[in-house]
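# Close look at the chain arrangement
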Amino acid sequence: MGVPAARIVFDEIDRSAVADAVTEILATGALTLGPWTERFEQAFAAEHGAPHAVAVASGTAALEIALRTVDVRDRDVVVPAVTFYATAAAVVHAGGRPVIADVDPRTLALSPATLEAALTPDTAAVVLVHIGGLVTPAVDALRAICDRRGVPLVEDAAHAHGSSYDGRAAGTFGLAGAFSFYPTKVTTSGEGGMVLTDSPELRDEARIYRDQGKGSFTTNHHVRLGASWRMSELNAAVGTVHLRRLKEFVETRRRVAQRYDAALAGLDGLQPITEPAGSRSNYYKYVALLPAGVDRAAFKRAVAEDFGVRLSGEVYDLPLHLQPVLAPYRRGPLPVAEDLCSRQICLPVHSDMTEDETDQVIEAVTAVHRRLAG
Ligand SMILES: *Cc1c(COP(=O)(O)O)cnc(C)c1O
């Protein structure tokens, strides 16, 4: 049977809801910036307890729009070393310079100490990333450091649909939260992104930027250096339908994670990144660290070949400062990030995962761990 690395879940009801929406959209001819986009924005904002949401073409566009609104041109933007390429790329595209900071080994996120070490007199913004869907309990302390310096905090919440800390949703801790609806994310619109904010000014700017920087929908006066960052109505319909499942998906993912936690507690040396008090992860990823010296490629090969279990992609296997294209922003070693990236594995978590699949993963990982690290 086996367990795949990822599974995208649209049941029959959702597929038929999307089909009905597509029929309606095609019949009306309102293919972009129409009622489905508005519906998606309102539902997403409500789901996260935020006043405003602006739907855009991708998570990367959401980040770039937030950073362009802040205006980071020719200035520094702190990003964590353990994140996806797009976190740093958005900074560069917005005209800023990424300053890549080390992370806290307990959360894979910036800590107050690693943030302080990366701040410069020319810091224009800080980007916090909720890796695997886990919001660091240091989020308020990080925000306080930013406030003290007068520097806006932007969240890359691409992993964190429906995650929270202290009952407050990911994406609501700073000036803006950027979400992605890429297919593997916890909810998807096919492709797409969302800017979440409590600032009506940022909302208005985001609407201008996403539509080629036009001052208004009906004029051709371009007042910002925007781009073609709209979300199509077809994507918005898919995202709206999928979002209705968010709570149920997160519940399922959390049940899987609890079984993994219990099973891994008995494994010497295979150390999960566990949920700190107050933090409620959506378990976009279930991250665990292999003991030093265990060959990750051999581990993944063994669980796949001997047990049919595909581990999901790491978050991430190479820190930003070692990405070839980001070499100009490399300053020195970031030992914690390098260690975390070299040792992490991600156990598969699906929004409709069965107990049987969960047990297959536990059996595979336990056996291979005993063989390679025992
Ligand atoms: C997926 C992702 C993005 C980019 O989202 P796209 O929709 O693919 O542009 C940015 N940051 C992180 C951490 C991501 O995982």
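The text that follows walks through the structure, step by step, so that each part is easy to find. Quick caveat, the model's predicted, so the values are computed rather than measured.

## Considerations on unusual backbone geometry
Cis geometry marks the peptide bond from Val315 to Tyr316; its omega dihedral reads 10°. Its identity is not glycine, yet Leu33 carries a phi of approximately 50°, on the positive side. Relative to the helices and strands, Leu33 resides in the loop between α1 (12-28) and α2 (35-47). One non-glycine residue, Asp71, adopts positive backbone phi at about 75°. Mapped onto the elements of the fold, Asp71 is located in the loop between α3 (59-70) and β2 (76-80). On the basis of relative accessibility, which here comes to 31%, the residue Asp71 falls in the partly exposed class.

## Observations concerning the sheet that holds strand β12 (residues 286-289)
What links the strands of a sheet is backbone hydrogen bonding, and the strands pair in either a parallel or an antiparallel sense. The three strands lie next to each other as β10-β12-β13, forming an open sheet whose pairing is antiparallel. In this open sheet, the two strands that pair with only one neighbour each are β10 (271-272) and β13 (344-347). Looking at chain direction, β10 and β12 are connected through two bridges and run antiparallel. What sits directly across from Gln271, in β12, is Leu289.

Procedures and definitions
Residues numbered from 1 in each chain as written. Predicted model: local features only at pLDDT ≥ 70, side-chain atom pairs only at ≥ 80, totals over all residues. Heavy atoms only, no water. Helix = DSSP H or I, 4+ residues; strand = E, 2+ residues; numbered from the N terminus. Buried < 20%, exposed > 50% of the residue type's maximum accessible area, 1.4 Å probe, protein only. Pairing = 2+ DSSP bridges.

Treat this as a map of the structure, not an account of what it does.
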